[in-house]
Amino acid sequence: MAQALRPNTAGGLFATDGKSHPLQDTLLAVTLVLGITSFITAMFHHLHLLSSWTGLVGILTGAYGQWISVTTRERFGLVLGLGAAAVGFFLGMAHGGLFGGLVD
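Reading the values: the criteria
- Residues numbered from 1 in each chain as written.
- Predicted model: local features only at pLDDT ≥ 70, side-chain atom pairs only at ≥ 80, totals over all residues.
- Heavy atoms only, no water.
- Helix = DSSP H or I, 4+ residues; strand = E, 2+ residues; numbered from the N terminus.
- Contact = heavy atoms within 4.5 Å.
- Areas by Shrake-Rupley, 256 points an atom, 1.4 Å probe, with all protein chains shown as cover.
- Phe/Tyr/Trp six-rings, centres within 6.5 Å; stacked < 30°, edge-to-face > 60°.
- Expected span 1.5 Å × (residues − 1).
- Buried < 20%, exposed > 50% of the residue type's maximum accessible area, 1.4 Å probe, protein only.

Novice: Which parts of the structure should I look at to understand the overall build of the protein chain?
Specialist: In terms of helices and strands, the protein chain carries 3 helices and 0 strands. Across the protein chain, the fraction of contacts at a sequence separation of at least 24, relative to all contacts at a separation of at least 6, is 75%. When the accessible surface of the protein chain is summed, it comes to about 6,500 Å², and 72% of that surface belongs to carbon and sulfur atoms.

Novice: I'm lost on the packing of aromatic side chains in this one. Help?
Specialist: By convention here, two paired aromatic rings are described through the distance between centres and the angle between planes. Tallying each qualifying case throughout the model produces 3 aromatic pairs. Between Trp 53 and Phe 99, the aromatic rings sit 5.6 Å apart at their centres with planes inclined by 80°, giving edge-to-face as the arrangement. Placement of the pair is Trp 53 in helix H2 (residues 48-68) and Phe 99 in the segment after helix H3 (72-95), with a sequence separation of 46 residues.

Novice: Explain H3 here, please?
Specialist: Along an α-helix, a turn takes 3.6 residues, which lines up residues three or four apart on a common side. Taking 1.5 Å of rise per residue, the 24 residues of H3 would be expected to cover 34 Å, and the 35 Å separating its terminal C-alpha atoms lies within 8% of that figure. Of the positions making up H3, those classed as buried are Glu 74, Gly 77, Leu 78, Gly 81, Ala 84, Ala 85, Gly 88, Phe 89 and Gly 92. Its buried side turned inward, H3 meets helix H1 (22-41) and H2. The positive-phi residue at the C-terminal boundary of H3 is Gly 97, with phi of around 85°.

Novice: I'm lost on the environment of Leu 91 in this one. Help?
Specialist: Along the polypeptide, Leu 91 turns up in helix H3. Taking the C-alpha atoms as reference points, Leu 91 and Gly 55, separated by 36 residues in sequence, lie 9.4 Å from one another.

Novice: Is there a simple way to think about the side chain of Gln 24 in this case?
Specialist: Along the chain, Gln 24 falls in helix H1. When residues no more than four places from it in sequence are discounted, the contact partners of Gln 24 are Ile 68, Ser 69, Val 70 and Glu 74.

Below, the structure is given as structure tokens:
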């Protein structure tokens, strides 16, 4: 029962090691925002440019975030953002792609 008397030393929501990780948290937030934007806009055919580009950038930021991530919570959020960005990117590519409708 000694573990019940220890104070919680975790610094923040995403820092389970007690240290702050501002770069990793920023990449996590950017990846989640881009992934959600890409996923939602992929449901509309005429927004394929937005969904494909935000999906591509979300995949790249999420991959870099995974590479430098430190805690499990960061990786969990990054995987969610990466998944949403990938789905949005692939649906955006299927609806017209990165340059569809601009180049004839």
